Amino acid sequence: PHGMPVAKTYGYDGQFFYRLALNPLNFHHTAYGITMDRPYRYMRIGYPALTWLVSAGQHFLVPVMLVVINIAAIGALGYLGAMFAVRGGRHALAGLLIPGYFGLLTSLSRDTAEPLAAVCLLAGLLAVRSRRPVLAAVLLAYGALTRETVMVAVAAIAIMRVIGMLRRRTTGARPGREDLAWLVPSVAFAAWQVVVKAATGSVPLLADGGRNAGAPFIAPLQAFRHNFAHIHLHQFEQYDLWFLELAILVCFSVAALLCLRATKAPVHERLAFVLYLIEICIVTPSTWNSLDADMRSFIEVYLLAVIILLGTPRRKLSAWLLPELAALTIPALIVITQRRLTGS
């Protein structure tokens, strides 16, 4: 369309969400001047489908609505964060840590699906806590269709339910409505894989598994070594920002690990946090090495770490340090806002 910037070489992930938002059921390899690079793009249909819906199918509204949805999603994360904070016995303002993840700014500036997926994930977890399995099933299913990593949390819920059923003689747990929270997302995710396979000839999750996963711990260690060799001690540049982002993620993760036994967060949320930690340790170097992504792909680790910390009694040292951890995020938010949203 007129006014749409086009790069001479290649664009960013947002271009594929834009293309799908023009017509979510158009599975052609090339459409509207945009060629899909990998099959897994069709897997993340939630964000473009919602954009298509609120745009009423009007193509000229799509670029605006992609931004509007992400702004609304980040606002919703603030509300959900307040709910987690209050349930953990803290002031609602502590919940601002949830939308305070620096990678969300990059998602907003590049039209990617992390904000909406995060809303579905956290709202789904709150619904599970409130014992509203139908609502949880709908939210987590839509989240899984928005970003496949939501299925890690679904797996954690399933694991704990299965363990509970295996111990039913002592706990009384039996198959029931609570299992909708993991059954429905699993069925919805698998069904969409079948739809994409029928339309494109490839199962997106399997077709790109080798490109998105590798040997454990190799990718982060390689990225650390490579970026450390390029760090600039006299001027704050992209490599310095990468280390600041890594330090923030590590600090929150370590604090959450130290609070795993003390937190009041449900066991499936604690398990999901550990599984997300394992996940980021096996992704490929391209994910770790990216200086433009601001670790947006690792958002679930941060979100679950914050939930665990918000649910930890204040007498615990790691939970007591929460304000200091929050202050650590401010420099990254300032720099990324300048770089991603103002173009400076």
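Here's what I pulled together on the structure shown here.

Here is what the cut-offs are and how they apply
- Residues numbered from 1 in each chain as written.
- Predicted model: local features only at pLDDT ≥ 70, side-chain atom pairs only at ≥ 80, totals over all residues.
- Heavy atoms only, no water.
- Salt bridge = Lys/Arg side-chain N within 4 Å of Asp/Glu carboxyl O.
- Helix = DSSP H or I, 4+ residues; strand = E, 2+ residues; numbered from the N terminus.
- Buried < 20%, exposed > 50% of the residue type's maximum accessible area, 1.4 Å probe, protein only.
- Patch = residues over 30% accessible without salt bridge, like charges linked within 9 Å, V, L, I, M, F, W, Y side chains within 5 Å.
- Areas by Shrake-Rupley, 256 points an atom, 1.4 Å probe, with all protein chains shown as cover.
- Lys, Arg positive; Asp, Glu negative; His and termini not counted.
- Charge placed at Lys NZ, Arg CZ, Asp CG, Glu CD.
- Polar contact = N/O pair within 3.5 Å; in protein donor to acceptor, adjacent residues only side chain to side chain.
- Core = buried A, V, L, I, M, F, W, Y, C linked by side-chain atoms within 4.5 Å.
- Contact = heavy atoms within 4.5 Å.
- Disulfide = S-S within 2.5 Å.
- Expected span 1.5 Å × (residues − 1).
- Phe/Tyr/Trp six-rings, centres within 6.5 Å; stacked < 30°, edge-to-face > 60°.
- Axes fitted to C-alpha atoms, helices over the stretch in contact; angles between N-to-C directions.
- Left-handed = near helix turned anticlockwise from the far one by under 90°.
- Nonpolar A, V, L, I, M, F, W, Y, C, P; charged D, E, K, R; others polar.
- Parallel < 35°, antiparallel > 145°, perpendicular 65-115°, else oblique.
- Arc of directions from axis to C-beta.

### A closer look at the pattern of salt bridges
Evaluated as defined, the whole model comprises 10 salt bridges. Note that E148 and R44 form a salt bridge whose closest N and O atoms lie 2.7 Å from each other. With E148 in the loop between α6 (133-146) and α7 (150-166) and R44 in the loop between β2 (34-35) and α2 (46-54), this pair connects stretches of sequence that are 104 residues apart. Residue classification places E148 among the buried residues on the basis of a relative accessible area of 16%. Sharing partners across several salt bridges, the network here consists of D13, D37, R41, E114, R147, R296 and E300.

### Some words on a positive patch on the surface
A cluster of like positive charges, contributed by R261, K264, R315 and K316, occupies part of the molecular surface. Relative to the helices and strands, K316 is located in the loop between α16 (299-310) and α17 (317-320).

### Digging into the environment of Y47
Its location among the elements puts Y47 in helix α2. In this structure the C-alpha to C-alpha distance between Y47 and M4, which are 43 residues apart in sequence, comes to 20 Å. A polar contact of 3.2 Å, which involves the side chain of Y47, links it to the side chain of N70.

### Some remarks on the nonpolar core
By size, the foremost hydrophobic cluster in this structure holds 77 residues, and its most contacted members are Y101, L121, L122, F252, F273, W288 and M295. In this structure, W288 is in contact with A219, P220, A223, W242, L246, I280, V283, M295 and F298, ignoring residues within four places of it in sequence.

### A few points about the state of the cysteines
Evaluation of the coordinates by the stated rule reveals 0 disulfides. There is no disulfide at C251, and the cysteine sulfur nearest it, in C259, is 13 Å away. Residue class for C251 comes out partly exposed when judged on its relative accessible area of 34%. Of all cysteine sulfurs, the one in C251 lies closest to C281, which takes part in no disulfide; the gap is 16 Å. Given the relative accessible area of 17%, C281 is considered buried.

### Remarks on helix α18 (residues 322-341)
The end-to-end C-alpha separation of α18 is 27 Å, in line with the 28 Å expected for 20 residues at 1.5 Å each. Taken together, the buried positions of α18 are L322, L325, T329, A332, V335, I336 and R340.

### Quick notes on the environment of G75
Looking at the secondary structure, you find G75 in helix α3 (residues 62-87). Take G75: its relative accessible area is 46%, and that puts it in the partly exposed class.

### Looking at the packing of aromatic side chains
The tally for this structure, following the rule as stated, stands at 11 aromatic pairs. When the centroid spacing of 5.0 Å and the interplanar angle of 85 degrees are considered together, the rings of W242 and F243 count as edge-to-face. For the residue pair W242 and F243, the accessibility class agrees, reading buried in each case.

### Points about the packing of α2 against α3
Between α2 and α3, whose axes approach to 9 Å, the crossing angle comes to 115 degrees. When the axes of α2 and α3 are compared, the crossing they make is right-handed. Across the interface between the two elements, Y47, L50, T51 and V54 from α2 touch V62, M65, L66, V67, I69 and N70 from α3. Residue composition of the contact of α2 with α3, by class: 8 nonpolar, 2 polar and no charged.

### Quick notes on a nonpolar patch on the surface
A cluster of nonpolar side chains, F224, F228, I231 and L233, forms an exposed patch at the surface whose accessible area comes to about 420 Å². Relative to the assigned elements, I231 resides in the loop between α12 (218-229) and α13 (238-258). Look at I231 and you get partly exposed, because its relative accessible area is 30%.

### Observations regarding the packing of α2 against α6
For the pair α2 and α6, the least separation of the axes is 6 Å and the interaxial angle reads 105 degrees. In terms of axis orientation, α2 runs roughly perpendicular to α6. Contact with α2, carried on its side by G46, Y47, A49 and L50, involves Y142, L145 and T146 of α6 and no other residues of that element. Of the residues assigned to the contact of α2 with α6, the class counts are 5 nonpolar, 2 polar and no charged.

### Observations regarding helix α9 (residues 180-200)
Between its first and last C-alpha, α9 extends 30 Å over 21 residues, near the 30 Å set by a 1.5 Å rise per residue. Within α9, the full set of buried residues consists of A181, W182, P185, F189, W192, Q193 and V196. Taken end-on, α9 shows its buried residues confined to a sector of 105 degrees, consistent with a single buried face. For α9, the exposed residues lying more than 90 degrees away from the buried face are V187, V194 and A198. Each element contacted by the buried residues of α9 is listed here: α5 (114-129), α6, α7 and α10 (204-207).

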